[in-house]
Every structure is written in structure tokens, then in C-alpha cells.
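Single-letter residue listing:
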Amino acid sequence: MGNAKPNIGRQFVALGVLMILGLQGVRSEYGDLVGGWLVDYDRDELNFFEDSIWRVDLHIYNVLPKDSALDYYFVVYSKDDRRASSPPLEIKKEDFDLLGSWRGALYVTGVRFGYSSLEVELKSGAVTETYPNPLPITVLRTQVVDERITTYVSAALALLMFLNLGTVLDMQRLAGIICRPVGPVVGVVSRYVLMPALGFGLGRALWPGSWPLQLALFYTALAPSGGLANVCAVFLKGNINLSVATTTINSLLALALLPIWILVLGRMLYEDEELTVPFGQLSGGAAALVTCLAIGVLLRLCVPRTTRFIFRFLKPLSVVLSVCLVGLTVGLNAFVFYEFTWQILVAAICLPLAGYLSTYLLSKILCRSSTDALTLSIEASVLNMTMPIVLLQSSQLQQPQLDLVLVVPIASSLISLVLVVLFYGIRRCLGCNRQQDADGFDHKKLLAEQEGDV
């Protein structure tokens, strides 16, 4: 009697397992039902574009059932109907000739860029055998905008933003920052040590089996921030001189530090032996950034009446340029949001938040003021949208793999801006968005000084 209850429990478990197997079917080892049957697709792989239809000639042969009375049929289908679709094809036992051979055709339609495969299964009752060598399917995107258009227009908008910001720089405070570069050092450590480590760890945790997605997040964390971080510092009453100085120094150091990460550690961490560094674009971008800032400073010193107009409309102009820059990149790459997943959402939220908190903590440990700590944290957490795309394009990722991973830098940068906007709204609602010390940005004071000089 003591063993009655355990036996009843085992019977219920066995019954449950049998019910699950009955609902899901039984997977059989290849070759058990009708021998070593083979499939010839008349090609090694299928590459075609979205909205196009391709014919695949199939030849299933060497079908030699061990039991002549065995009732069976074959099913051919696309593994991922979201990428490539095909009408259901069922091949019955009666369709095979005496030698166990069948020939026919199947039409496959490209739905959305990505990867799929043409699968062939043998079914007999509840038993299923899957052919071990499916036909790989690659669907390419049809509407492709010239990458140079996006790059050049985005660069032009970013340079206009730096020209705009150059007119508000204070040369005396900039000299003080350069002479005691504790703030810029924090920014460099945050950008090239903390952020890559966070991006690497998050990528490994969220996509353990997909190195292209890991690489995309790694590049997103590694790329130095652009003018958007400086604009955010303006609205959050940060230290604009420290923000622009840190952005400039990080952009210049990118010529030396990005190759170290990419050529040395990147090749060790990721399965791509062809990772390269776009030196031309990096050096050209850094030189143009410095030039635009210098022009802005010269305009303030030499043409004060012109810069008075820029001062008056600094914030609206910054918003317009920022919206145009983000809107252009997002609009031309809107197709990537079809690949948005919960893992990307987690990465896009956690990376800027972790970057902000770790940089703020490091700043306070080094006795930086609240304004400087806020500025450096914003500098780290506002992610660059354009440079990670350039880095990924130079990584030799093939299409459509490149299109599939672009969602990581674009979504991460967009969400990092959303978080800053929410932070700004909360500070405004609580009455905390005000100048905390003399280094904080004060638009009214700046405009008054300029009008007094004129």
C-alpha cells in the first residue's frame, strides 16, 4: 500500500508525456522509414529579392520503404514564412514511380529581407523525418538608398550643429578645462572603457548565439557621441564647454582607440576576421568637427552681430538640426524596426542607463561638480546613431545580415534620446532644471552678455 501513491504518480507522468507526444508528433531518425532518401534542389542556395518569385525544381529520389504497405507522404515548406513564402506542397506515395523518384517544381516568393530555408519532411502517421540538408534561402532588400547620401547629409547636419555650438564656447573656460583635464579624462574612460565593457556584457547576455548582433551593440557603445549630446547638455543646463571639449577629444582619440578595440579585441571576441577601421571617414569627421567649432569661435570673436542672431535662436536651431538628423537616419532606415525584439528593447534601455549611472558615479568619486557629473553622464549615455552604422558597413557583414543588425544602433540611439527627453521633462516639472553653478549653461545670461558687448 505504501507504494501505491508513487506508482499512481508515475502513471500520470507517463500519460502526460504520451499525450504531449501525441499532440506534437514523434520525430524519427533520418532513414528509419524509407531508407536514405535524397533531395536535389538543382542549386546550392537561393538568393533573390523581396516581392520576387523564384522557381525551384525538386527531385526527391531513393525512396525505398522497408515496408511496402507503409503509408507516407512528403511535405515541402519554407521554414520562415515571414521571410520567404511558398504554397503548401504535399507529395503522396502514389506520386512516386517504381524507382522511388519524384520530380516537380515549387515557387518561392520573397516577403521580407532575411534568411529562411526550404524544408522537406517525410510523414507517416504521427512519425516525421526531416531531411538534414535544407535549401538555404536569402531574401535581399529591394529599396536600397545609396549609403553615401545618408552619410553625407547626416554629416552636413552634424557639422552645422557644431558650427552653431562653437559660437557659445568660452575660450577662458575651455583653457581651464584643457589645463586641468579631469573632466575630459572621465569622458574618455567612460567612452572607451566603461561603455565598451557594458556593450560587450549586454551583447553576450542577450544574444549568446549571434555574434553580428553582439558586434552591433559593441560598436554602438564604442562610438563617440556626436552633437546630440552637446544639445542635450544645453537644455539640461550642463557645462557646454566641457561637453564640446569631451566630444572633440573623444572624436580625435577615436583615430587611435577604435583601431585597438576593433583590430585587436574585436577580432578575438567576434567571429569576423575581416573587421576593418574606416580611417578615412573617422579622420575626415574629426577634422571637420574641429574646423566647424573653430569657425563658430571665430564668428563670435570677429562677427558679433551675426552670432547675436545665433544666440537668440540657439535652442530652436539646435532642436531643428537634431530633429532633422534623427529624422533622416530613422526615415531612411525605417525598415529595420520590423526586426525589433524584446532583447533590443532591453539593450537600448540598459546601455544608456548603465552608462549614465557609471559615469556619474565615476565623476563624483573624482570630486567633479554636479554640473560636470551631469554633463559627462549625458555625454556617455546619448548614443551616436551614424558612426556605428559606418563601422558596421566596414565590418564586411554581407546582406541581408547588415540590414538585420542596423536596428541595434538606431533603436539604441533613439531610445537614449527619449530617455533624456523624459529626464528633461521630469526636471522641468519638479523645478530642478536650473543652473547649479557658474559652469552651467545659462542662455539668458549669455544673450545678455552678447548684447552688452555689441
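For the protein, an unreviewed UniProt entry supplies the name Sodium/bile acid cotransporter and the organism Drosophila mauritiana. Under the UniProt heading Sequence similarities (unreviewed entry), the note attached to the protein is "Belongs to the bile acid:sodium symporter (BASS) (TC 2.A.28) family." In its Subcellular location (unreviewed entry) section, the UniProt entry covering the protein states "Membrane".

Caption draft 1: View of the overall build of the protein. Along its length, the protein carries 16 helices and eleven strands. Looking at the protein as a whole, 48% of its 454 residues are labelled buried. Summarising the internal contacts of the protein: among those between residues at least 6 apart in sequence, 79% fall at separations of at least 24. Taken as a whole, the protein presents about 22,100 Å² of accessible surface, with 64% of it coming from carbon and sulfur.

Caption draft 2: Fine view of the environment of Ser 395. Residue position: Ser 395 is located in the loop between helix 13 (387-393) and helix 14 (401-405). Look at Ser 395 and you get buried, because its relative accessible area is 0%. Sequence-wise, Ser 395 and Pro 278 are 117 residues apart; in three dimensions their C-alpha atoms are separated by 9.3 Å.

Caption draft 3: Just the nonpolar core, in detail. Trp 207, Leu 258, Ile 378, Val 382, Leu 392 and Val 408 are the most contacted members of the largest nonpolar core, which totals 56 residues. Residue contributions to this core peak at nine residues, all from helix 5 (residues 211-222). When sequence neighbours within four positions are dropped, the list of residues in contact with Val 382 reads Arg 191, Ser 225, Leu 228, Ala 229, Cys 232, Ser 416, Leu 417 and Val 420. Counting 29 residues, the second-largest nonpolar core is a separate cluster that includes Leu 46, Val 56, Leu 58 and Leu 118.

Caption draft 4: Spatial organisation of the sheet that holds strand 2 (residues 38-40). Spatially, the four strands line up as an open sheet ordered 2-4-8-6, and their pairing is antiparallel. For this open sheet the edge positions go to strand 2 and strand 6 (84-85), each flanked by a neighbour on one side alone. Bridging between strand 2 and strand 4 (residues 53-61) involves three bridges; their strand directions are antiparallel. Along strand 4, the bridge assignment pairs Val 39 with Ile 60.

Caption draft 5: How the structure looks around the packing of helix 5 against helix 15 (residues 407-430). The contact between helix 5 and helix 15 brings their axes to 8 Å, and the two run at 40°. Comparing the axis directions of helix 5 and helix 15 gives the class oblique. The hand of the helix 5/helix 15 crossing is right-handed. Contacts between helix 5 and helix 15 involve Leu 213, Ala 216, Leu 217 and Thr 220 from the former and Val 408, Pro 409 and Ser 412 from the latter. Across the contact of helix 5 with helix 15, the residue classes tally to five nonpolar, two polar and no charged.

Caption draft 6: Summary view of helix 4 (residues 182-206). Taking 1.5 Å of rise per residue, the 25 residues of helix 4 would be expected to cover 36 Å, and the 34 Å separating its terminal C-alpha atoms lies within 8% of that figure. The largest bend in helix 4 comes to about 35°, at Ser 190.

Caption draft 7: Summary view of the pattern of salt bridges. Overall, the coordinates contain eight salt bridges when judged by the stated rule. Between Asp 80 and Arg 82 there is a salt bridge, and its shortest N-O distance comes to 3.2 Å. Take Asp 80: its relative accessible area is 17%, and that puts it in the buried class. Across the pair Arg 141 and Asp 403 runs a salt bridge whose closest N-O atoms are separated by 3.0 Å. With a gap of 262 residues between them, Arg 141 in the loop between strand 11 (135-140) and helix 2 (147-166) and Asp 403 in helix 14 connect regions that are remote in the sequence. Assessed through its relative accessible area of 3%, Asp 403 is described here as buried. One connected set of salt bridges, linked through shared partners, spans Asp 80, Arg 82, Arg 83, Arg 112 and Glu 339.

Caption draft 8: Representation of helix 6 (residues 227-235) in the model. Helix 6 sits mainly inside the fold: nine of its nine residues count as buried. Burial in helix 6 covers these residues: Gly 227, Leu 228, Ala 229, Asn 230, Val 231, Cys 232, Ala 233, Val 234 and Phe 235. Looking one or two residues beyond helix 6, the residue adopting positive phi is Lys 237, at roughly 60°.

Caption draft 9: A look at the packing of aromatic side chains. In this structure the tally under the stated criterion is eleven aromatic pairs. For the pair Trp 37 and Phe 74, a centre-to-centre distance of 5.0 Å together with 75° between the ring planes defines the contact as edge-to-face. One end of the pair, Trp 37, is in the loop between strand 1 (26-27) and strand 2; the other, Phe 74, is in strand 5 (residues 73-78), and 37 residues separate them in sequence. Considered together, Trp 37 and Phe 74 belong to a single accessibility category, that of buried residues. For the ring pair Trp 37 and Tyr 131, a centre distance of 5.3 Å and an interplane angle of 40° mean the geometry is tilted. Here Trp 37, found in the loop between strand 1 and strand 2, pairs with Tyr 131, found in the loop between strand 10 (127-130) and strand 11; they are 94 residues apart in sequence, far enough to count as distant. For Trp 37, a relative accessible area of 0% gives the class buried.

Scoring rules and cut-offs
- Residues numbered from 1 in each chain as written.
- Predicted model: local features only at pLDDT ≥ 70, side-chain atom pairs only at ≥ 80, totals over all residues.
- Heavy atoms only, no water.
- UniProt positions renumbered as here; feature names shortened; annotations may be inferred.
- Helix = DSSP H or I, 4+ residues; strand = E, 2+ residues; numbered from the N terminus.
- Buried < 20%, exposed > 50% of the residue type's maximum accessible area, 1.4 Å probe, protein only.
- Contact = heavy atoms within 4.5 Å.
- Areas by Shrake-Rupley, 256 points an atom, 1.4 Å probe, with all protein chains shown as cover.
- Core = buried A, V, L, I, M, F, W, Y, C linked by side-chain atoms within 4.5 Å.
- Pairing = 2+ DSSP bridges.
- Axes fitted to C-alpha atoms, helices over the stretch in contact; angles between N-to-C directions.
- Parallel < 35°, antiparallel > 145°, perpendicular 65-115°, else oblique.
- Left-handed = near helix turned anticlockwise from the far one by under 90°.
- Nonpolar A, V, L, I, M, F, W, Y, C, P; charged D, E, K, R; others polar.
- Expected span 1.5 Å × (residues − 1).
- Bend = angle between axes of the 7 residues up to and from the residue.
- Salt bridge = Lys/Arg side-chain N within 4 Å of Asp/Glu carboxyl O.
- Phe/Tyr/Trp six-rings, centres within 6.5 Å; stacked < 30°, edge-to-face > 60°.

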